[in-house]
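Inside the fold
Spelled out from the first residue to the last, the chains are:
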Amino acid sequence: MSSAQETILELRQVTKRYQTRGNILGRGKKEVLALNRISLQVRAGEIFGLVGESGSGKTTAGRLIVGLEKPDEGGIFLNGQDIVGLQGKALRRYRRQVQMVFQDPYQSFNPQVSIMDSVGEPLLTQGVAKGVEREQMVLAALKEAGLSPAESYAFRFPHQLSGGQRQRVAIARAMILEPSLLVADEPTSMLDASYSAQIFDLLLGVRGRLGATVLFITHSLASARYLCDRVAVIYRGNLMEIGPAQEVIRNPRHPYTQALLDATPKFGRCEDIPRFNTLLRAERPAADSGVGCGFFRRCGLAQRARCSMEAPEFRAMGEGHLCACHYAEPGPAQADQGGECHLGA
Amino acid sequence: MNQQAAMDLRQARRSLWRERLAEDWRVFRRNPLGRIGLTLLIMFGLMAVCSYIPPMINPMYNPMTGVDPHIMASTGPSARHWLGTDFMGRDIFAQLLAGARVAFMVGVSAAFMAVVLGTALGMTAGYMGGLTDTLLMRAADMIMVMPTLLVVLMLAALFGQLNIWTIVLMIALFRWPGVSRVVRAQTLSLKQRPFIDAARVAGASHPRIIFRHIMPNVLPLAFLYMTFRVTSAIVIEAALAFLGFGDPGTVSWGMMLQWVWKTGHMFQAMYWLLPPGLCISLITLSFYMLGRAMDEVLDPRLRDETSAG
């Protein structure tokens, strides 16, 4: 991917907070920072991976981008146009360009609505096509998604299909308007591994055939490596590292990315596999100031004096490779300490 | 050619629904409760339909006004009066048939109104949330804690004799909160489901989400509640009539029981006391059994594991 490509989606300093409900007097309310001043740019035509563990805010990012929720601060721009606060017609127009595939194929279809009507719904609400024309378009979309003969799938209810088939239907539904950006929120986390690969190939096909940009949200570095051109690693609402997928995964600079790589299942004996060992076994007490590095509590490399007091800035580690860590340095990563599988606190 | 393809699609769509209904019917039929309930209901339905026949045969079989000129007091079953006559020589069998008609009328219409009202208000409260939700649900709570029978009795005492439709309306007005609570809860949980998000991303408007995505998922539940509401409506009407606050112009089973009691035949004329009593019990039981069987159709978790396949 050349860096000369234009930016299709930009997140600028996006912050999203959630309030937990307190008791009747409003006591015990807690604020959860789902996204903390996230900025990133997705280029047209690429598959961009957003990688993080559960609760890291990656799904929130997806929901903000498709306009299901509003950020508390910051702006989201599609082709240079701010989409925060779009309503009514403008929002509907926006949704012709941005569609989403949801994580759980068992929950993302109305059980009372046939596949035909579910997939054809965007055509109807967007006023693109109706009647026979709509049905033909749905059948074509189902075929594109690898469901054939499409006629035999169209007139079924969601519960009559398998998870993998449903996720294909979900992709058909998302792509029927030919959006320029597809947000895929862990589309394979509920599927068997064999099905995952098929879904990945389908997403690659979507990009290749329609030239759509894909924002691929995942917890798995392995699938990000298979699918993505660039990845961003996110931890508890903070961006940690961003760069070309191959580069980030082969040569991770941030201790959190390194810990993620350590956590990826591998074959072989424990001692033989190089590990970074950057993850603390137990969490450290939080930084009092709340201004330090987001990964401070679990980072094996962190120094209290610096990491708990000063948020790290993004620094360039290589060609398009940025990392937010005080102690990251350009150069090859050192993943040679085998042996111990965990580092003590 | 294109025409042909469109026809095929329409046919496929239709067969999809047929299949679904057939599947539901299979589950329903497997349930013995459902079979018994349905059989009983068909029987009562036949009774209601047949209630028009006796007055046509002979005016003395008119349940309200027909009096056998040869009979001055209550008599037991005979060939002329299959279940006997009441104190003034009216045919009990004809009254029983007419009572079935009234029971269906009262039960189904009161339940239908209660369910329509409850579903509309419950969905509104659940979907809108906030102040609307609070106001509607507090109103529902207030109505729910009022003892229906007592309030209706008091109103009847205030306004004199009540018309049967007034009674139906009052039962409906006092019986919607239960439905609306359930519908609201269901709406709240549906609202959080990802397919609603999917519909929003697809560009669906609020009315479309409510009517296309939430309502079809709520309606089966509402219909289930309707069967239980029918039961309670029939019982309330019977109780009112028995206590002497029914519509004096209609022959309902509760009314028959009141006549038995008022004329001092309570334990002297079993042929008069038992039929309406049994009918009230059986019709409420059959609606209840129907509801239970429908419950199983609607909720796959209740289905018998061994026969699921």
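Since the structure is predicted, the reported quantities are computational estimates derived from the model, not experimental observations. (Residues numbered from 1 in each chain as written. Chains lettered and ligands numbered in written order. Predicted model: local features only at pLDDT ≥ 70, side-chain atom pairs only at ≥ 80, totals over all residues. Heavy atoms only, no water.)

What follows covers unusual backbone geometry. Residues and elements named next belong to chain A. In this chain, Ser148 is followed by Pro149 through a cis amide linkage whose omega measures 5°. Inspection of the secondary structure assignment puts Pro149 in the loop between helix H4 (131–144) and helix H5 (150–154). Positive phi outside glycine occurs at Gln13, with the angle close to 50°. Structurally, the position occupied by Gln13 is in strand S1 (residues 7–19). Despite not being glycine, Arg37 has its phi angle at roughly 45°, a positive value. Summarising the element assignment, Arg37 is placed in strand S2 (residues 31–43). (Helix = DSSP H or I, 4+ residues; strand = E, 2+ residues; numbered from the N terminus.)

All names here are of chain A. For chain A, the domain assignment lists domain 1 (7–112 + 177–250) and domain 2 (252–345). When each unit is reduced to the centre of its C-alpha atoms, the spacing between domain 1 and domain 2 is 24 Å. With 19 residues of domain 1 at the interface, the matching set in domain 2 holds 19 residues. Between domain 1 and domain 2, a total of about 1,700 Å² is buried, with carbon and sulfur atoms accounting for 57% of that surface. When the buried surface of domain 1 facing domain 2 is broken down by residue, Tyr235, Met240 and Glu241 rank first, second and third, together holding 35% of it. Applying the counting criterion to the domain 1 and domain 2 interface returns one salt bridge. Across the pair Arg298 and Glu53 runs a salt bridge, and its minimum N-O distance is 3.1 Å. For the pair domain 1 and domain 2, the number of links is ten residue pairs in polar contact (both at pLDDT 80 or more). Elements with a contribution of two residues or more to the side of domain 1 that touches domain 2: strand S9 (230–235), strand S10 (238–244) and helix H9 (245–250). It is S10 that provides the largest number of residues to the side of domain 1 that touches domain 2, a total of seven residues. A class-by-class count of the residues in the side of domain 1 that touches domain 2 yields eleven nonpolar, three polar and five charged. (Domains from an automatic or database assignment. Contact = heavy atoms within 4.5 Å. Buried area = accessible area lost by both parts, 1.4 Å probe. Salt bridge = Lys/Arg side-chain N within 4 Å of Asp/Glu carboxyl O. Polar contact = N/O pair within 3.5 Å; in protein donor to acceptor, adjacent residues only side chain to side chain. Nonpolar A, V, L, I, M, F, W, Y, C, P; charged D, E, K, R; others polar.)

All right, on to the interface of chain B and chain A then. The figure often quoted for interface size is the accessible area lost as the parts come together. At the interface, 27 residues of chain B touch 36 residues of chain A. Interface of chain B and chain A: buried area, both sides summed, is about 2,800 Å²; carbon and sulfur atoms make up 54% of it. Together, B:Leu9, B:Arg13 and B:Val201 form the three largest contributors to the area buried by chain B at its contact with chain A, with a combined 24%. Scanning the region where chain B abuts chain A turns up five salt bridges. We note a salt bridge from B:Arg13 to A:Asp117, for which the minimum N-O separation is 3.1 Å. Counting residues per element, the ones that place at least two in the side of chain B that touches chain A are helix H1 (2–30), helix H8 (194–201) and helix H9 (206–242) of chain B. Broken down by element, the side of chain B that touches chain A gets its largest block of residues, ten residues, from H1(B). Partitioned by chemical class, the residues of the side of chain B that touches chain A number 14 nonpolar, five polar and eight charged.

On to the pattern of salt bridges, then. Residue and element names in this part refer to chain B. Using the criterion set out here, one finds 23 salt bridges over all chains in the structure. Its salt-bridge partner being Arg138, residue Asp141 comes within 3.0 Å of it at the nearest N-O pair. Of the two residues, Asp141 and Arg138 are both situated in helix H5 (residues 130–145); the distance of three residues between them amounts to about one turn of the helix. The partly exposed category is assigned to Asp141, whose relative accessible area is 23%. Note on Arg138: relative accessible area 43%, which makes it partly exposed. In this structure, Asp197 and Arg200 form a salt bridge, with 3.7 Å as the shortest nitrogen-oxygen distance. (Buried < 20%, exposed > 50% of the residue type's maximum accessible area, 1.4 Å probe, protein only.)

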